[in-house]
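Spelled out, the chains give:
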Amino acid sequence: MTDRIQALSGLRVLDISRWIAGPHCALMLGDMGADVVKVETPSGDPSRDSGPFVQGESTYFMALNRSKRGIVIDTRTQAGIEVLKKLIAEADIFVENFRPGTLAEMGLDDGVLQTLNPRLITVSVSGFGSDGPYASRGCFDSIAQAMSGLHSVTGVPDGEPVRAGFYVADYAAALHACIGTLLALVTRQHTGVGQRVDIALTESLLSLTSTLIPGFQGAGVAPDRLGNGSAHSSPAGLFATQDGYVQMSASSNALFRSLTAALDRDDLASDPRFATNQARLANDAALKTEIQRWASLRPSAEIVERLEKFKVPCGPVLTVSDIVKDPQLRHRGFFKEITHPVAGTVEFAGSPVRLSRTPAQVKRPSPTLGQHTTEVLQSWASLSEKSIAEIAQRGAFGVAKPHDGA
C-alpha cells in the first residue's frame, strides 16, 4: 500500500448496498482511491452469512468489501436516519440497491437527497430499474439471468436452460453502475450538480448480449442453446483431450488453414465442405468429429503447445486450483494478499483495470461489523465523542447480532 494519488482520491462514497452488485461497484471506486464507507444495519450485510468462512469470517463478504471503512446505523430509528442524512450531506456518491421506493419510505426520496446535497450522485441498482411494471419486483442474479434471456441460450441443445456458473448479472450491473458513476462525475464537473444513475440487472445482461436483439428483430433468428459451440464461426468449441478439455477457435479462413496445418490435415483444408465459414458452420458436426479424433489422442498441454505454434487461439479449461497458480496471472500480479484482523492473510482477485500513472490499490481489508463507526462520524460529520455517545443512546446504532459464521 502506498500514499500516491489515485484516480478517485478525495471522493467520498457512501455504500448502503448489500450482496454483490452495489458492493462491487463501490469496491471498484475504493480500489481507485475513493474513501468508501460501508453502511450496515446492526445485523450486518446478509452476505456475511455466506461461506466459505475463515476464522468465522465470510470470504464472500471479504471479497466484495475491501478498500472500505465500515459503520453500523440502525435505519429503522429516527436517530439512525438523522446520522445517515449527515453522512449523505458530506458524500459525493451514494450507492444503494434496495427495491425502488424503499429510499422514499425511509424519508430519502430524490427531493430530500437533492436538498441535503445538490452535488450528490445517487447510484441505484435494482433488478428491473426504477420504473415500469416490474420495478417493485424482487430480483436476484438467477432471476435476471432467466428474464434477460441468458438462460435460454445457455446449455446443450436438447437440455434445459442453464444458469451461468457465477453471478454474471450482479457483476455486469456493478460494472455498468461504476461506468455510470464516472460519467455522472464528469458531468458534475461541468454543471456542479449531481444526478441519479439508474441500473437494472436485466438490462445490464442484455447489454452484454446485444447482438441477439437485432438478429431476431431484423433477421428473425432466435438463438438456440449450442453448448460450447458458436453460432457465428466454425470450428469453435470444447474438445476432450487425454487429461481434460481444450477450448479452441479457428474463426476465420486464415485461422482454419493454420489449424489444419497444426493437425497435419491438408485434406481438411481442401475439402469443399470446409472452404468458407458458412460452409464450415453447415458441416460443423463433421468437422468437429475430425478435430475431436485428433485431440482425444493427446494431453491438453501438448495440444495447446501445438496450436500455439501455429497461432491458433486456444486454452485449457482451468479449475480454480489451476487459476491461482497460473503463470500469466502471477506475472501480472493479479492476486492480492489482504490481511484481515480476524481471518488473517487471504488472497483475492485484484483489479483488472491497469492505469499506468494512478494504479488501483487495496487500501484495507473488509471491515468488521461497525469497525469504523466512531472514526467516520468524526471525520465526515465532525461529531464529537460526546455527541456520538448521545446518538447511540437514542438507538442510532442498534445492537449488533452475531452472524452465521461466528
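We now turn to the structure provided with this report.

1. Looking at helix 3 (residues 78–90)
Reasoning step 1: The terminal C-alpha atoms of helix 3, which comprises 13 residues, lie 19 Å apart, in line with the 18 Å expected from a rise of 1.5 Å per residue.
Reasoning step 2: Listed as buried for helix 3 are Ala79, Gly80, Ile81, Val83, Leu84, Leu87 and Ile88.
Reasoning step 3: Residues of helix 3 that are buried make contact with strand 1 (12–15), strand 5 (68–72), strand 6 (93–96), helix 5 (110–116), helix 17 (373–379) and helix 18 (385–393).

2. Remarks on the nonpolar core
Reasoning step 1: Val13, Leu29, Ala34, Ile93, Ile121, Val123 and Val125 are the most contacted members of the largest nonpolar core, which has 32 residues in total.
Reasoning step 2: Listed by contribution, the elements that provide at least two residues to this core are helix 1 (21–31), strand 6, strand 7 (121–126), helix 7 (168–191), strand 8 (196–200) and helix 8 (201–208).
Reasoning step 3: Per-element tally for this core: the top contributor is helix 7, with eight residues.
Reasoning step 4: Once you skip the residues sitting within four places of it in the chain, Val125 turns out to touch Ala21, Glu96, Asn97, Phe98, Ala173, Ala177, Ile199 and Leu201.
Reasoning step 5: In this structure, Leu14, Ala91, Ile388 and Ala396 belong to the second largest nonpolar core, which totals 30 residues.

3. What about unusual backbone geometry?
Reasoning step 1: Here the amide bond leading from Gly51 into Pro52 is cis, since omega sits at 0 degrees, within 30 degrees of zero.
Reasoning step 2: Secondary-structure assignment places Pro52 in the loop between strand 2 (35–40) and strand 3 (53–54).
Reasoning step 3: The amide bond that connects Ser234 to the next residue, Pro235, takes the cis arrangement and shows omega of 0 degrees.
Reasoning step 4: Within the secondary structure, Pro235 is located in the loop between helix 9 (212–219) and strand 9 (236–240).
Reasoning step 5: In the Ramachandran plot, Trp19 falls in the positive-phi region, its phi being about 65 degrees despite a non-glycine side chain.
Reasoning step 6: Assignment of secondary structure puts Trp19 in the loop between strand 1 and helix 1.
Reasoning step 7: Of note, the phi angle at Gln55 is positive, near 50 degrees, even though the residue is not glycine.

Reading the values: the criteria
- Residues numbered from 1 in each chain as written.
- Predicted model: local features only at pLDDT ≥ 70, side-chain atom pairs only at ≥ 80, totals over all residues.
- Heavy atoms only, no water.
- Helix = DSSP H or I, 4+ residues; strand = E, 2+ residues; numbered from the N terminus.
- Expected span 1.5 Å × (residues − 1).
- Buried < 20%, exposed > 50% of the residue type's maximum accessible area, 1.4 Å probe, protein only.
- Contact = heavy atoms within 4.5 Å.
- Core = buried A, V, L, I, M, F, W, Y, C linked by side-chain atoms within 4.5 Å.

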